[in-house]
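Letter by letter, the chains look like this.
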Amino acid sequence: MNRWSEIAKKNILTLSKNKNNFNLALKEWTFSGNIYDHKVAEEICELCENENLRYHFEIYNGLGNRLLVGSSCINRFDITVFDKEGIEVTENKESYLKKALNEKLIEDIFFQLKSSNKTGKLKRLKKTTANKVLLKGGVEVII
Ligand SMILES: [Zn+2]
C-alpha cells in the first residue's frame, strides 16, 4: 500500500461504520455533488492529506460524516458517484468530475455577474441552450 493509501486508510476508518476493512469503509462513501472553489491552491485533501488543492469535492457517508477531498481521490479510491439524474457513474469518473467542475465554475461566473449587476457583461455571456454557454469572444463551452 502506498503512502496516500496509508494516510487515507487512517482518516477514513475513524469516520466510517466499518472500522477495520479499508475497502468496505470506502464503499460507504458517496460524492455529494458539492464542489468548492477556494480560488487559490492551498487546501488539503481530508482523505489522503495531499496539499495545494484549489477545488474540494465533498463526500459523505451514512453516519453523516463529510470529507472534503480532491477529485483524484474519488478516482483513486473509487468513491461512489451519482449524476444529476441519480444514475451511478461507473465509467470515466474522472471526466464526469471534470465536467461537473466546469459546470460549477460557469454557474459561479453567472452568479458573480448577476450579483455585481454588470448587465453589459451578462449580455456577452448569454446562455445558448440548456447545456451550452457562449463565452465572450464566441467560445462555446459544453457543460
Ligand atoms: Zn486525496
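For the structure itself, consult the block above.
Residues numbered from 1 in each chain as written. Predicted model: local features only at pLDDT ≥ 70, side-chain atom pairs only at ≥ 80, totals over all residues.

Peer 1: For the overall build of the protein chain, give the residues involved together with the corresponding values.
Peer 2: Of regular secondary structure, the protein chain possesses five helices and six strands. Going from N to C terminus, the protein chain has its helices and strands arranged as α-α-β-β-β-α-α-α-β-β-β. Looking at the 143 residues of the protein chain, the share that counts as buried comes to 20%. (Helix = DSSP H or I, 4+ residues; strand = E, 2+ residues; numbered from the N terminus. Buried ≥ 20, exposed ≤ 12 C-beta atoms within 10 Å, placed from the backbone.)

Peer 1: Requested: an account of the environment of Phe57, with residues and values cited.
Peer 2: Considering the arrangement of structural elements, one finds Phe57 in strand β2 (residues 55-60). Residues contacting Phe57, with those up to four places away along its chain left out, are Phe31, Ile35, Val69, Gly70, Ser71, Ile74 and Leu97. (Contact = placed C-beta atoms within 7 Å.)

Peer 1: Break down the sheet that holds strand β1 (residues 30-37) for me, citing the residues and quoting the values.
Peer 2: Ordered in space as β1-β2-β3, the three strands form an open sheet in which the pairing is antiparallel. Where the open sheet ends on each side, the last strands, each with one partner, are β1 and β3 (66-69). Strand-to-strand twist in this sheet, taken as the mean axis angle between neighbours without regard to direction, amounts to 25 degrees. By the bridge criterion, four bridges tie β2 to β3 in an arrangement that is antiparallel. Counterpart to Ile59 in the pairing with β3 is Leu67. Across the sheet, helix α4 (residues 93-116) is in contact with β1 and β2; its angle to β1 comes to roughly 45 degrees. (Pairing = 2+ DSSP bridges. Axes fitted to C-alpha atoms, helices over the stretch in contact; angles between N-to-C directions.)

Peer 1: Pulling in residues and values, what's your account of unusual backbone geometry?
Peer 2: Of note, Lys39 is a non-glycine position whose phi angle comes to about 70 degrees, a positive value. Locating Lys39 in the fold gives a position in the loop between β1 and β2. Among the residues examined, Lys39 registers 9 C-beta atoms within 10 Å and is labelled exposed. The phi angle at Asn92 is positive, at roughly 55 degrees, despite the residue not being glycine. Inspection of the secondary structure puts Asn92 in the loop between α3 (71-76) and α4. Here Asn92 falls in the exposed class, since 11 other C-beta atoms lie within 10 Å of it.

Peer 1: I'd like to hear about the nonpolar core, residue by residue, with values.
Peer 2: Counting 22 residues, the largest nonpolar core has Leu47, Phe57, Ile59, Val69, Cys73, Ile74 and Ile79 as its most contacted members. Mapped onto this core, the elements with two or more residues apiece are α1 (3-15), α2 (22-27), β1, β2, β3, α3 and α4. (Core = buried A, V, L, I, M, F, W, Y, C linked by C-beta atoms within 7 Å.)

Peer 1: Go over the pairing of β2, please, and point to the residues and values.
Peer 2: Bridge count for β1 against β2 is five bridges, and the pairing is antiparallel. By the bridge assignment, Thr30 is partnered in β2 with Tyr60. In this structure, the hairpin formed by β2 and β3 is closed by a connection of five residues, where Gly64 is found at a positive phi of approximately 80 degrees.

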